[in-house]
Amino acid sequence: MGALLLYVCFTLFLFSLSSLPLYSVSSSTSSSCKLRRRFHLNEIHRPGDVVLGGLFEIHYTSVFPEWTFTSEPQQPSCNGFDTLGFRHAMTMAFAIDEINNSSNLLQNITLGYNLHDNCGALVVGLSGALSMASGQEEQFLLQENCSGAPPTLGIVGDSYSTFSIAMSTVLGLYKMPIVSYFSTCSCLTDRQRFPSFFRTIPSDAFQVRAMIQILKHFGWTWVGLLVSDDDYGLHVARSFQSDLAQSGGGCLAYLEVLPWDSDSSELRRIVHLIKTSTARVVMAFAHEFHMINLMEEVVRQNVTGLQWMASEAWTAVAVLQTPRLMPYLGGTLGIAIRRGEIPGLREFLLKIRPDSYGNNMVRQFWEYTFQCRFAPPPAGWFEVAEAQCTGLENIENMETEFLDLSNLRPEYNIYKAVYALAYALDDMLNCVPGRGPFSGNSCATRQTIEPWQVVHYLQKVNFTTSFGDQVSFDENGDALPIYDVMNWLWLPDGQTKVQNVGEVKRSAFKGEELTLDEENIFWNFESRKPPRSVCSESCPPGTRMARKKGQPECCFDCIPCSEGKISNNTNSMECTSCPEDFWSSPQRDHCVPKKTEFLSYHEPLGICLTTTSLLGTFVCVIVLGIFTRHRSTPMVRANNSELSFLLLGSLKLCFLCSLLFIGRPRLWTCQLRHAAFGISFVLSVSSILVKTMVVLAVFKASKPGGGASLKWFGAVQQRGTVLVLTSIQAAICTAWLVSASPAPHKNTQYHNDKIVYECVVGSTVGFAVLLGYIGLLAILSFLLAFLARNLPDNFNEAKLITFSMLIFCAVWVAFVPAYVNSPGKYADAVEVFAILASSFGLLVALFGPKCYIILLRPERNTKKAIMGRGTTKS
């Protein structure tokens, strides 16, 4: 904005000095307007019923004479003839000539034109614009309050954004329609500041978005940006930073402003920054001379291995496409104005002759092309040539870019701009009276056309060119944007070629689209593949990004996800936790079901315990078979055979109940395991207790006067005592199951990556009472047996009961701390081991010696032997 204000202030100051062509009312009469001073400009004029203006850079430098407050102002000198600028002007002349010869547009209306040279200077361009808006007539009469048609009803131009800003700022006050073919600054979309500005070239805002789409397509997230020090470059910089942040497409490694002058130290610093940066992609939104100065320094420092991206301002610049620069610029990708075809333009250009327009600009073009000179030479012309121009030279025989129409880009925009104005005028003049868009449904007429009326119709223009492109303007005056994507190809023979490899466009239905022909893109690298340009490599799945402190967001470290968390996308910002029953995979990129752990029949520990349980059951069956077969022998009869059979049955149940602790816990197994375990062991211990009590009663009955004690220990009393003691345990189990039943539970406290299936006891009190009751009976049995250990052997087995109960109590005393400190399946294993160990202790201690006598020492299994051994011992 500062540059714009400086330009405008400077321009107004020059206007105040030079008395530019502005009309003033004569003091002698109020019926006429008089031109105060004529400003002599390079122009090509053709009269018409309606005149359109054009501003083109036909000369690219201007020399301003020194001015003083006392001297008469002089005209600037325009130097450096630009052939392409002249072709731009001739393209507008061709378009108007084609419209005049058309039977479909502006019938009975002849279009004229005023084509002005801006000489590459804002002051000259703005002077030309004001000159076209005010006219060059010396004097004209005021009729109907000066309501006649202005000399020019629309202007095509200017090329530079800064020039268009200044021109639109002034002429926009009068709603003069301006259609630019090359001004891309996004600031010109501001309808409050520039209400009558239109353009047929996409704005920098779309160009920036197109560049960002290309960056995202190739994954280039770390790029450098170079811009020119003017409205064009500075607006691009702001727009690019904003759009890049919104799209999340990457970060800028650096942003540098190229100086207008060839400041060698500043260029040296910028190129050194480019050379040392890790960014391998460099975008440049700059003008031709900026790039020429920059590339000289690039060559000097030999900065290779970069992927350049060119803005439309220098994509097609031939002076940069030289064998000397192609090692550095080969493979450049650029955004170019849409290329079009204009049938008949070549024939029109071939008809140009020095006397066709009677204008110095055509003569200068002729002298520049044929390197000759007319006599006398035109003012301000600096070339010195020996040959004399005749005006009959054949331009078709010259190798000149003037006739190279293979790459019509600005010309195509000029062509569309002229036709847009023509269609607006045609729609306006075809208005049906009474149905017009203006006050009172009125229409404009040829005699009363005003610029703001043209603006109204220009906003609604919609037509299709012969090349197939639709032309219309949005609410900001921008045409439907479309760009070609160009690639600088370095051929093996050293020649260069700029080829079209895609397009970026926006349509009303599909939005913005990028189309690339990647197979035909030339990459100036050994790999012949697109380069990698990232600050940090992408974080793979299983990691998350952690920004590096003090650096852009594209610079980050990849942190592996912690256990139990995953990231299944590239460049994840956070790791997400797995669901409760899942755990992270080793790569941390997906969740897998947690491993389940329980005491299984298929693992070695489970197999071992199952085998031991079945072995104990099998041994019980064998012992039961032995006792059944020898039930009439004295050994079996002397040891209370009924209680022995009951004890063997209960021990078999103890062995079998251990199987309920193996396998996946289910509700019924959890409820049954502790109940079966408690009842089975109470049945066993109560049988031993009753057996011990019987031994004591029998011994007491053998003494004089002790026979009465046996009546309390008959068979019925023995069975009843066992049943009552067992029923108490059954009642404990029933109360426990009803109040707080054991249930299967998924335990994740032991291992984060495993689900331990276990049975929670439900009520710790219930479990403690169950174990406590078993322990009470066991201790009572142990004490009674211990007291009876010294009784005669033929009357009791107290020693065996004492030893068996000692084993039983020792196992279960050790069980409690081991069970509490064992996690998961190992708690079940400890309980099974305690059940099996205590069961085997009872089985072996109580029935081992008896089976030994029955099977191996049958001579001792007689009443005489038992009684005899007892008598002898007595």
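Predicted, not measured: the structure shown is a model, and the values here were computed from it.

J.: Any chance you could break down the packing of aromatic side chains for me, citing the residues and the numbers?
T.: Within the structure shown, the criterion is met by 38 aromatic pairs. With centroids separated by 5.6 Å and ring planes inclined at 40°, the aromatic side chains of Phe 681 and Phe 808 adopt a geometry described as tilted. Note that Phe 681 is positioned in helix α18 (residues 667-701) and Phe 808 in helix α21 (residues 798-820), a separation of 127 residues in sequence. Taking relative accessible area as the criterion, Phe 681 reaches 0% and is therefore assigned buried.

J.: Let's hear about the packing of helix α15 (residues 604-629) against helix α22 (residues 825-856): which residues, and what values?
T.: Axis separation between α15 and α22 bottoms out at 10 Å; the angle between their running directions is 25°. Put simply, α15 runs roughly parallel to α22. Handedness of the crossing formed by α15 with α22: left-handed. Residues Leu 605, Leu 609, Thr 612, Ser 613, Leu 615, Gly 616, Val 619, Cys 620, Val 623, Ile 626 and Phe 627 of α15 lie in contact with α22, whose contacting residues are Tyr 826, Ala 829, Val 832, Leu 836, Phe 840, Leu 843, Phe 847, Lys 850, Cys 851, Ile 854 and Leu 855. Of the residues belonging to the contact of α15 with α22, the class tally is 18 nonpolar, three polar and one charged.

J.: Account for the sheet that holds strand β7 (residues 111-117), with residues named and values stated.
T.: The strand order across the open sheet built from six strands is β3-β7-β4-β9-β10-β11, with neighbouring strands paired in mixed fashion. Since the sheet does not close on itself, it has two edges, and those belong to β3 (43-46) and β11 (197-199), each with one partner. Taking each pair of neighbouring strands and ignoring which way they run, the sheet shows an average axis angle of 20°. With three bridges joining them, strand β10 (residues 178-180) and β11 adopt parallel strand pairing. Its bridge partner lying in β11, Ser 180 is registered against Arg 199.

J.: Report on helix α5 (residues 204-218), specifying residues and quantitative values.
T.: Its 15 residues give α5 an end-to-end C-alpha distance of 21 Å, which sits within 8% of 21 Å, the value for a rise of 1.5 Å per residue. With respect to burial, α5 is a largely interior element, twelve of its 15 residues being buried. Those residues of α5 that sit buried are Asp 204, Ala 205, Phe 206, Gln 207, Val 208, Ala 210, Met 211, Ile 212, Gln 213, Ile 214, Leu 215 and Phe 218. Positioned one or two residues after α5, Gly 219 has a phi angle of 75°, which is positive.

J.: Requested: an account of the confidence of the model for the protein, with residues and values cited.
T.: Counting all residues, the mean pLDDT for the protein is 83, and 86% of those residues have values of 70 or more. In the predicted structure, residues 1-30 sits below a pLDDT of 50 and forms 56 contacts with residues beyond four places in sequence or in another chain. Contacts from residues 869-874, a stretch scored under 50 in pLDDT, to residues over four places away or in other chains number four contacts.

J.: So, the state of the cysteines: which residues are in play, and what are the values?
T.: Here the structure, examined in full by the defined rule, presents ten disulfides. With its sulfur 2.0 Å from that of its partner, Cys 539 forms a disulfide with Cys 558. Disulfide Cys 539-Cys 558: the torsion about the S-S bond is -95°, which places it as left-handed. Placement of the pair is Cys 539 in the loop between β23 (511-516) and β24 (543-547) and Cys 558 in strand β25 (residues 556-560), with a sequence separation of 19 residues.

J.: With reference to specific residues and values, describe the sheet that holds strand β16 (residues 333-337).
T.: Across the sheet, eight strands lie side by side as β13-β12-β14-β15-β16-β21-β22-β23; this open sheet has mixed pairing. Two strands close off the open sheet at either side, each with one partner strand: β13 (251-258) and β23. Direction aside, neighbouring strands of the sheet carry axes that sit 25° apart on average. Taken together, the six bridges between strand β22 (residues 496-507) and β23 define a ladder with antiparallel strand orientation.

J.: So, the side chain of Glu 597: which residues are in play, and what are the values?
T.: Secondary-structure assignment places Glu 597 in strand β30 (residues 595-597). Judged by relative accessible area, which is 11%, Glu 597 ranks as buried. When neighbours within four sequence positions are excluded, Glu 597 is seen to be in contact with His 751, Lys 754, Ile 755, Val 756, Tyr 757 and Lys 825.

J.: Can you explain a nonpolar patch on the surface? Please cite residues and give values.
T.: On the surface, a cluster of nonpolar side chains totalling about 240 Å² of accessible area is made up of Leu 614, Leu 653 and Leu 656. Topologically, Leu 614 is positioned in helix α15. Of the residues examined, Leu 614 reaches a relative accessible area of 44% and is grouped as partly exposed.

J.: Can you tell me about the pairing of β16, naming the residues and giving the values?
T.: Of all five residues in β16, five are buried, a share of seventy percent or more. Along β16, one buried face is formed by Leu 333, Ile 335 and Ile 337 and the opposite face, lined by Gly 334 and Ala 336, is buried too. Here two bridges tie strand β15 (residues 307-310) to β16, and the two strands are oriented parallel to one another. Counted as the bridge partner of Ala 310 is Gly 334 from β16. Here β16 runs beside strand β21 (residues 482-490); their pairing, made up of five bridges, is antiparallel. Bridging across to β21, Ala 336 finds its partner in Asp 484.

J.: Got a sec to walk through the packing of α15 against helix α17 (residues 641-657)? Specific residues and values, please.
T.: The interhelical angle for the contact between α15 and α17, taken along N-to-C directions, is 165°, at an axis separation of 8 Å. Overall, the two elements α15 and α17 adopt an arrangement that is roughly antiparallel. Note that α15 runs across α17; the crossing there is left-handed. Where α15 abuts α17, its residues Ser 613, Gly 616, Thr 617, Cys 620, Val 621, Val 623, Leu 624, Phe 627 and Thr 628 lie against Ser 644, Phe 645, Leu 648, Leu 651, Lys 652, Phe 655 and Leu 656. A breakdown of the residues in the contact of α15 with α17 according to their chemical character gives ten nonpolar, five polar and one charged.

Calculation notes
Residues numbered from 1 in each chain as written. Predicted model: local features only at pLDDT ≥ 70, side-chain atom pairs only at ≥ 80, totals over all residues. Heavy atoms only, no water. Phe/Tyr/Trp six-rings, centres within 6.5 Å; stacked < 30°, edge-to-face > 60°. Helix = DSSP H or I, 4+ residues; strand = E, 2+ residues; numbered from the N terminus. Buried < 20%, exposed > 50% of the residue type's maximum accessible area, 1.4 Å probe, protein only. Axes fitted to C-alpha atoms, helices over the stretch in contact; angles between N-to-C directions. Parallel < 35°, antiparallel > 145°, perpendicular 65-115°, else oblique. Left-handed = near helix turned anticlockwise from the far one by under 90°. Contact = heavy atoms within 4.5 Å. Nonpolar A, V, L, I, M, F, W, Y, C, P; charged D, E, K, R; others polar. Pairing = 2+ DSSP bridges. Expected span 1.5 Å × (residues − 1). pLDDT = per-residue confidence, 0-100. Disulfide = S-S within 2.5 Å. Patch = residues over 30% accessible without salt bridge, like charges linked within 9 Å, V, L, I, M, F, W, Y side chains within 5 Å. Areas by Shrake-Rupley, 256 points an atom, 1.4 Å probe, with all protein chains shown as cover. Salt bridge = Lys/Arg side-chain N within 4 Å of Asp/Glu carboxyl O.

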